[in-house]
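Residue-level listing of the chains:
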Amino acid sequence: MDKELKQIQDLIIGASIQAQKDRHGAISPAFVGRVDWPAECTVGPGLEGAIACETEIGYVNGTQGALYYRGYRIYDLCAYANYEQVAYLLLKGKLPTPKQLTNFSRKLTENLFMPKVIRSLIGFDVEKMSPMASLNLATTVMKQYFDDSIMDQKKAQKNNSDDFIGTDEDSMGMETLPFGEQKAVYEFDAKKKKRKVDEDKEKETFSACCHLISGLATCAAAISRIRQGLMPLDPDKNLSFAANYLYMMTGKRPTAVEEKIMDVSLILHADHGMNASTFASIVVASTLSDLYASIGAGISALKGPLHGGANEQVLNMLDGIESPEAVAEWYKNATRKKEKIMGFGHRVYKTYDPRAKILGPLAHFMTDYAGPDAKKTLQIAKNLENEVVSTLGKSKGIYPNVDFYSGIVYKALGIPSEMFTPTFAVARCSGWTARVVEYLATNRIFRPRAIYTGDLDREYIPIEERRKQQ
Ligand SMILES: CC(C)(COP(=O)(O)OP(=O)(O)OC[C@H]1O[C@@H](n2cnc3c(N)ncnc32)[C@H](O)[C@@H]1OP(=O)(O)O)[C@@H](O)C(=O)NCCC(=O)NCCS
C-alpha cells in the first residue's frame, strides 16, 4: 500500500483506539432490539425521542459517540472499505464479495453517465438557483428518464406496450394496503407485515437506488461546473466513485490521497440514524410517492443550516475570524451575543461525534499538503474547538460535529463551498435509499398528531363588519 494511504489508515485506526479509550471499552447499547408496538416513549417537540420505525441499517449511540452501519463500526469501514462497498452494505445488508463488488461498482459507474439528464438541467437556469434546489430538480428529471428506460425495457421484453401498466407504484414495488384509523391498535399488534417478495420489482427498485446514488454525484458535479460557466464533464469509467466525483467537479484527476479522503468523507456521511432528512425521505415514501420524490424531500431537508447546510456556514464563520490569535476574543463576543457556533452540538451526540474524530485528523493530514491559507484556517478551527470544548463541552455536552471539519476537508479537495451541502447529499443518498426501501417493506403512512392550542367556536364576523384589530 502507498505510504500516504497507510498513514491515513493509521490515523483512522488511531482515532478508533482513542475513541475506545475515551469511552472506557465497548459500548453498552441503548435503544436496540425489537419494538413491542405500540411502543411507549417520551416524546418532545419536533418528535424528539419518538420511535418512528425499526431498522437494521444503522445505529447511533449519542452518549458514547458510536456509529455503526449494519453492525460494522464506522472506523473499520473508513479504514478498510470504500464507498462502493459501504453503499452495497447499506442497501443489501452485507458486505459484497469481490464479484458482487465488481458488478455493483460497474453498475454505479454506468449510472454516472447521464447525458440526457445533464442536457435537461442545462435548459434550466441552474446558475441562478441554489445548488441544492438544482439537485432537487435533478431528481425529478432523473425520475423521468428512469421511467422511460424501464418502459423501454418492458416494452422490449413483452413486445406489447398495451399490457404494461406504467404507474410509479407499480414500478417501485411500494404498494401496501391502506389501513383505516380504527384499525390502528390492531395493526400495531400485527407488527411486521412483510409483503411477498417480487423479484422483478426488487431489481427495479435496486436499479433506481443505483441510478439515484450515481445520478446525484454526476448532477452535483455538473451543477457546480455550470454555475462556474464551465462545461459538465463525462465521468471516467476507470475511476472509483469518489475519484470520479472529484474529477467531474474539478476537472482534475485526484491523487490517491485526495481520492481516499473523499472516499472516507462519503462513507462518513452515508447514513446517520433517523435524522431530519432521512425522516423526510421516509415520510414522503410512506405516502407511496416515488423513490425520486422521497430523495428530493431528503435533499430539501438537508439544505437547512441546522442540518446539512452547517458545513458551508462553518467555513464562512472560520473565514470571518482574522487569525488564530483572534479566536478567544471572537468566541467571547459570540457567546455574549448567545450565537450558535456552527459545527458544534448535536441532537444525538452529547460527546464527540465519531465522524469528527476521523475527519479532524484527516483535515490536519490534508492541510500539511495545502498552502498557508488552509493551515491558518485549520489553526483557527483548532483554537475554536479548544475554546468551545473547554466551556460548552463540559457544561452542555457540546462538541464538534461532522460539519466542523468536513468543510475544511472539502475545501482542501477543491470543492467550492456552495457545493459542500450537495456533496453531503451525494454521500447520504445511499443511506436515504436504503432506509426508504427498508421502511416500505412494512409501510405505514406517517401521521403524528399536533396538539391544538387555538380557540374553538369563534364567531364568524362578515368582512364588512370587521374592524382593523380584532
Ligand atoms: C445541531 C443542533 C441543532 C442540535 O440542537 P439541540 O440538540 O436541539 O440543542 P439546542 O439547540 O436545544 O441547544 C441546547 C443548548 O445548547 C446550546 N447550543 C447548542 N448548540 C450550540 C452551538 N452550536 N453553539 C452554542 N450553543 C449551542 C443552545 O443554545 C442551548 O442552550 P440553552 O439550554 O442555554 O438554551 C444545535 O447544536 C445547533 O444548532 N448546532 C449548530 C448547527 C450545526 O452545526 N448543525 C450541524 C448538525 S450535524
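Residues numbered from 1 in each chain as written. Predicted model: local features only at pLDDT ≥ 70, side-chain atom pairs only at ≥ 80, totals over all residues.

Here's the deal with the overall build of the chain
Stated precisely, the cut-off is as follows: Counting from the N terminus, the helices are the DSSP runs of H or I reaching at least four residues and the strands are the DSSP runs of E reaching at least two. Placing a C-beta atom from the backbone of each residue, one calls two residues in contact when those atoms lie within 7 Å.
In terms of regular secondary structure, the chain is built from 19 helices and three strands. When the backbone C-alpha atoms are referred to their principal axes, the chain occupies close to 65 × 65 × 55 Å. Taking as baseline every contact in the chain between residues at least 6 positions apart, the subset at least 24 positions apart corresponds to 77%.

Re the site of the ligand
Spelled out, the test is: As used in this record, a residue near a molecule or strand is one whose C-beta atom, placed from the backbone, is within 6 Å of it. Throughout, the ten residues Ala, Val, Leu, Ile, Met, Phe, Trp, Tyr, Cys and Pro are labelled nonpolar, Asp, Glu, Lys and Arg are labelled charged, and all others, Gly among them, are labelled polar.
Near the ligand you find 16 residues, and of these Ala310, Lys340, Ile341, Phe344 and Gly345 are the closest. Where the shell around the ligand is concerned, the elements lending two or more residues are helix 17 (372–396) and helix 18 (402–412). Class assignment for the residues of the shell around the ligand results in eight nonpolar, four polar and four charged.

Side note on the packing of helix 3 (residues 83–92) against helix 4 (residues 98–112)
Operational definition: In this analysis an axis means a line fitted to C-alpha atoms, helices contributing only their contacting stretch, and an angle means the value between N-to-C directions, from 0 to 180 degrees. An angle below 35 degrees is read as roughly parallel, one above 145 as roughly antiparallel, one from 65 to 115 as roughly perpendicular, and any other as oblique.
Two elements in contact, helix 3 and helix 4, have axes whose closest approach is 10 Å; the angle formed by their N-to-C orientations is 100 degrees. As far as their axial angle goes, helix 4 and helix 3 are roughly perpendicular. On helix 4, the residues that touch Glu84, Gln85 and Tyr88 of helix 3 are Gln100, Leu101, Phe104, Ser105 and Leu108.

Looking at the sheet that holds strand 1 (residues 58–61)
Rules: Strand pairing follows a simple DSSP-based rule, namely that at least 2 bridges must link the two strands.
Strand order in the open sheet formed by three strands is 1-2-3, and the pairing between neighbours is antiparallel. With one partner strand each, in any of the chains shown, strand 1 and strand 3 (72–73) form the two edges of the open sheet. Across four bridges, strand 1 lies against strand 2 (residues 66–69) in antiparallel orientation. Residue pairing across strands places Val60 opposite Leu67, the latter belonging to strand 2.

Considering the confidence of the model for the chain
Using the following cut-off: What pLDDT expresses is the predictor's confidence in each residue, scored from 0 to 100.
Counting all residues, the mean pLDDT for the chain is 90, and 91% of those residues have values of 70 or more. Taken as a whole, residues 161–190 scores under 50 in pLDDT and shows 36 contacts with residues more than four places along the chain or in a different chain.

Topic: the nonpolar core
The nonpolar side chains of a soluble globular protein tend to be buried, and buried together. Note the following rule: Joining buried Ala, Val, Leu, Ile, Met, Phe, Trp, Tyr and Cys residues through C-beta atoms within 7 Å gives a set, and that set is a nonpolar core. Using C-beta atoms placed from the backbone, we call a residue buried if 20 or more other C-beta atoms fall within 10 Å of its own, exposed if 12 or fewer do, and partly exposed for counts in between.
Membership of the largest hydrophobic core comes to 123 residues, with the highest contact counts inside it found for Cys78, Val86, Leu212, Leu216, Tyr245 and Val409. Ranked by residue count, the leading element in this core is helix 9 (residues 199–227), at 13 residues. Excluding residues that lie within four positions of it along the chain, Leu212 makes contacts with Met142, Leu291, Tyr292, Ile295, Cys429 and Thr433.

Some details on helix 9
The condition is simple: To estimate how far a helix should reach, multiply one less than its number of residues by 1.5 Å.
Here helix 9 is 29 residues long and its end C-alpha atoms lie 41 Å apart, about the 42 Å a rise of 1.5 Å per residue gives. Counting buried positions along helix 9 gives 21 out of 29 residues, so the element sits mostly inside the fold. Downstream of helix 9 by a residue or two, Gly229 has a phi angle that is positive, lying close to 75 degrees.

Observations concerning the pairing of strand 2
In this structure, strand 2 lies alongside strand 3, joined through two bridges in antiparallel fashion. Bridged to Tyr69 within strand 3 is Tyr72. Connecting the antiparallel pair strand 2 and strand 3 is a turn made up of two residues, with Arg70 showing a positive phi of about 50 degrees.

Remarks on unusual backbone geometry
Following Trp37, the chain continues into Pro38 via a peptide bond in cis, with omega recorded as -5 degrees. Relative to the helices and strands, Pro38 resides in the loop between helix 1 (3–22) and strand 1. With a phi close to 50 degrees, Arg70 is a non-glycine residue in the positive phi region. Relative to the elements of secondary structure, Arg70 occurs in the loop between strand 2 and strand 3. Its identity as a non-glycine residue notwithstanding, Leu288 has a phi of 65 degrees, on the positive side. Mapping Leu288 onto the fold places it in the loop between helix 12 (276–286) and helix 13 (291–302). A count of 17 C-beta atoms within 10 Å places Leu288 in the partly exposed class.

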